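Each chain, written out:
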Amino acid sequence: MNKITNRQAICDTLMEAAKTDKDIVVLCSDSRGSASMTPFFEQYPGQCVEVGIAEQNLVTIAAGLASCGKKAFAVSPASFISTRSYEQAKVDVAYSGTDVTLVGISGGISYGALGMTHHSCQDIAAFSALPGMRVYLPSDRFQTSELVKALLQDRKPAYIRVSRSATEDIYDSSMEFEIDKANVLKEGEDVLIVACGDMVPNALCAASQLEEQGIRAGVIDMYCLKPFDKDTFLKYAHTTRLVVTVEEHSPYGGLGSITAMVLAECCPMRMLRIALPDGHIIAGTNQEVFVHYGMDGAGIAKRIQSALTEG
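Keep in mind the model is a prediction, meaning the values are calculated, not measured. (Residues numbered from 1 in each chain as written. Predicted model: local features only at pLDDT ≥ 70, side-chain atom pairs only at ≥ 80, totals over all residues. Heavy atoms only, no water.)

This part takes up the packing of helix α8 (residues 199-212) against helix α12 (residues 297-310). Relative to each other, α8 and α12 sit at 55°, their axes nearing to 8 Å. Classified by the angle their axes make, α8 and α12 are oblique. Considering the relative orientation of α8 and α12, their crossing is right-handed. Of α12, the residues touching α8 (which contributes N202, A203, C205, A206, Q209 and L210) are G297, A298, I300, A301, I304 and Q305. Looking at side-chain class alone, the contact of α8 with α12 contains eight nonpolar, four polar and no charged residues. (Axes fitted to C-alpha atoms, helices over the stretch in contact; angles between N-to-C directions. Helix = DSSP H or I, 4+ residues; strand = E, 2+ residues; numbered from the N terminus. Parallel < 35°, antiparallel > 145°, perpendicular 65-115°, else oblique. Left-handed = near helix turned anticlockwise from the far one by under 90°. Contact = heavy atoms within 4.5 Å. Nonpolar A, V, L, I, M, F, W, Y, C, P; charged D, E, K, R; others polar.)

A few words on the sheet that holds strand β11 (residues 242-246). Within the open sheet, the five strands sit side by side as β7-β9-β8-β11-β12. Their pairing is mixed. Two strands lie at the open edges of the sheet, namely β7 (183-186) and β12 (271-274), each paired on one side alone. Each strand of the sheet is rotated relative to its neighbour by a mean of 20°, with strand direction disregarded. As paired elements, β11 and β12 share four bridges and run parallel to each other. Across the sheet, residue V243 finds its bridge partner in β12, namely M271. (Pairing = 2+ DSSP bridges.)

Below is the structure:
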């Protein structure tokens, strides 16, 4: 079982790049420990800024540094960077087009028992609505590392959301990565499951269980929420009976909403959206919450079976 978190992968990738790129700067809001950024702060103290619990300052300072030619990575809990500093993200980053990568750590329901104040179930909707902002939810450490490398090569704003815990490896070090291009993990003619972030392993698990029942399920890792890879999605959506989206997010404005919009415009067909409910999420571990809402592998498979039977 992989024990390297996506946040650790971000730190490791930035530390390696910073050996030769002194323009990389990391900013934290009293979160360097929980962000796994302590090693970067220790090795490159001249390329770090600690602002304390001040997320609005975090984003504005990052934008200021970016306007001076720095490659700024502003790291903070997803629940706070997507709400407390939203105006700064809108004006200082997206509108101004500064080279800032906003990193939301402990995304979704990662904080578990801390409850709704620390859950970030609306961040995809919020950041996707900002013109000029890209939104990414990588599924494992390898994809996360490749994404960070790609973002270091351009000068445009982006938001990355990662989980708190280590997730199952989906890829390996030889993976082929293309930014803004979704990855087809499995092909199937009966149902197409589109997932992102921590839901990708659950989607693959569901596909395996469905296959045991004679249901052929395809799986797409749509790590790039914005821009959404329409071409890859539509290529496989055309050949299936049912499209299913699975996301650790509110049912409004996330992967399901974006996918439904694309289907409505380009390929009207039946769809099932699996997401967190529009309400206060129960407190518990990730797995407990996913099982409760039918978002684990078995729960996803069961809901898909029901939808296919009803159809």
